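Per-entry structural report
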Amino acid sequence: MAEEQKEKYLGLYTILPSELSLQLAEVALDLKIRDQIQDKIKEVEQSKATSQELSRQIQKLAKDLTTILTKLKAKTDNVVQAKTDQKVLGEELDGCNSKLMELDAAVQKFLEQNGQLGKPLAKKIGKLTELHQQTIRQAENRLSKLNQAASHLEEYNEMLELILKWIEKAKVLAHGTIAWNSASQLREQYILHQTLLEESKEIDSELEAMTEKLQYLTSVYCTEKMSQQVAELGRETEELRQMIKIRLQNLQDAAKDMKKFEAELKKLQAALEQAQATLTSPEVGRLSLKEQLSHRQHLLSEMESLKPKVQAVQLCQSALRIPEDVVASLPLCHAALRLQEEASRLQHTAIQQCNIMQAGAGYPHQ
């Protein structure tokens, strides 16, 4: 418009009036200022848009890092799969590191150009860097624990196998039928129970070691079921231990009584064998009738010593700490009964022989 007015007045061979020239200059200045304002507005809007975009990228990266961190804190029940997943997460973390470096450079550049507007972004980048470092530490720590978890699990399973084998043996022994036939059998069973009870002392230390393994594993491995398993193994082991202790005492008592019973039986049997040998000795038959009678009478007086032996056998049998329903079927009890009957028979035979000899010699009967 100013140029047109200049051309117009130039065509009239005169100059542009000062008043009009001033007005045009003012308009031109206003227009220039307006353009500057518009440029500034565009610049500010562009800066805001850039700030928003950088903020959005920071937020997205923070979300990605948080997702990775959450996965890194998650527990597993499969170490092999967890290591594979860890490798993938490590690659994702490397990608986040590259994005963070790019974002950090962009924010620094923006901060230099925009000053105050860039300060909030700088703070966000600082927090994002902290989150990134935290995620890296978590990844390194988890990888280390996963590597250790494999050996801890192997050792845990070895101890578990040992305990389960003991429990299996203990169940068989604790619920098995006791053989009460002889002191030697009872002694052998006593030793088996005692040996197993001694082995149970190792079970306690194994259970403690398993609990320690779970403490190492708990940060990366799902140990809830394993903890329950250890507690159940402890309870089952203790129950079996108490059962074995009771049986051990019963076996010890029974073996002690049976040993005494067997000893008294042997004494009675030896005395009976001696009496039987004397009673049936061919040498006695070569003696005179009077001498035979004297010999039989002496034998009868010796047979009186069988009574306390028979009583001792009966007393030992009644004192046996063995289930009543078992005592009646014991071979030793049958043998005891047979020996008692044999003692009675021998005594009766000796009395008969004495009576016959007394009759033959003219003496009155006993």
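Keep in mind that this is a model prediction, so the values were computed, not measured.

How each quantity is defined
- Residues numbered from 1 in each chain as written.
- Predicted model: local features only at pLDDT ≥ 70, side-chain atom pairs only at ≥ 80, totals over all residues.
- Heavy atoms only, no water.
- Helix = DSSP H or I, 4+ residues; strand = E, 2+ residues; numbered from the N terminus.
- Buried < 20%, exposed > 50% of the residue type's maximum accessible area, 1.4 Å probe, protein only.
- Contact = heavy atoms within 4.5 Å.
- Areas by Shrake-Rupley, 256 points an atom, 1.4 Å probe, with all protein chains shown as cover.
- Patch = residues over 30% accessible without salt bridge, like charges linked within 9 Å, V, L, I, M, F, W, Y side chains within 5 Å.
- Salt bridge = Lys/Arg side-chain N within 4 Å of Asp/Glu carboxyl O.
- Axes fitted to C-alpha atoms, helices over the stretch in contact; angles between N-to-C directions.
- Parallel < 35°, antiparallel > 145°, perpendicular 65-115°, else oblique.
- Left-handed = near helix turned anticlockwise from the far one by under 90°.
- Nonpolar A, V, L, I, M, F, W, Y, C, P; charged D, E, K, R; others polar.
- UniProt positions renumbered as here; feature names shortened; annotations may be inferred.

**Here's the deal with the overall build of the protein**
- Counting secondary structure elements, the protein contains eleven helices and zero strands.
- Start at the N end of the protein and walk to the C end: the helices and strands fall as α-α-α-α-α-α-α-α-α-α-α.
- Every one of the 366 residues in the protein was classed for burial, and the buried ones make up 33%.
- Taking the intrachain contacts of the protein between residues at least 6 apart in sequence as the baseline, contacts between residues at least 24 apart amount to 79%.
- Only carbon and sulfur atoms are counted for the fraction: they give 54% of the accessible area of the protein, which is about 23,300 Å².

**Regarding a nonpolar patch on the surface**
- Side chains of Leu-29, Ile-33, Ile-37 and Ile-41 sit close together on the surface and give an oily, nonpolar patch of about 330 Å² of accessible area.
- One can find Leu-29 in helix H2 (residues 18–73).
- Overall, Leu-29 belongs to the partly exposed group, its relative accessible area being 49%.

**Focus: the packing of helix H4 (residues 119–174) against helix H5 (residues 183–217)**
- Two numbers describe how H4 lies on H5: the axes approach to 9 Å, and their chain directions differ by 155°. Considering their axes alone, H4 and H5 lie roughly antiparallel with respect to each other. Every pair of crossing elements has a handedness; the one defined by H4 and H5 is left-handed.
- A breakdown of the residues in the contact of H4 with H5 according to their chemical character gives 19 nonpolar, three polar and five charged.

**Details of the UniProt feature "coiled-coil region" (unreviewed entry) in the protein**
- The residues that UniProt annotates with the feature "coiled-coil region" (unreviewed entry) are residues 34–64, 129–156 and 193–278.
- Secondary structure across residues 34–64 divides into 100% helix and 0% strand, with the first and last C-alpha atoms of the span separated by 44 Å.
- Summarising residues 129–156: 100% helix, 0% strand, and an end-to-end C-alpha distance of 39 Å.

**Some remarks on the side chain of Ser-51**
- By the secondary structure assignment, Ser-51 is in helix H2.
- On the basis of relative accessible area, Ser-51 is assigned to the buried category, the value being 13%.

**Re the pattern of salt bridges**
- Enumeration over the complete set of coordinates arrives at twelve salt bridges.
- Glu-53 serves as the salt-bridge partner of Arg-56, at 2.6 Å between the closest nitrogen and oxygen. Pair noted here: Arg-56 and Glu-53 are both in helix H2, with a separation of three residues, about one helical turn.
- When the shortest N-O distance is used, the salt bridge between Lys-171 and Glu-236 registers 2.9 Å. Residue Lys-171 is found in helix H4, and its partner Glu-236 is found in helix H6 (residues 224–279); the two are separated by 65 residues along the sequence.

**Considerations on the packing of helix H3 (residues 79–114) against H4**
- Viewed as axis vectors pointing N to C, H3 and H4 meet at an angle of 165°, and their least axial separation amounts to 10 Å. In terms of orientation, H3 lies roughly antiparallel with respect to H4. For the crossing formed where H3 meets H4, the hand is left-handed.

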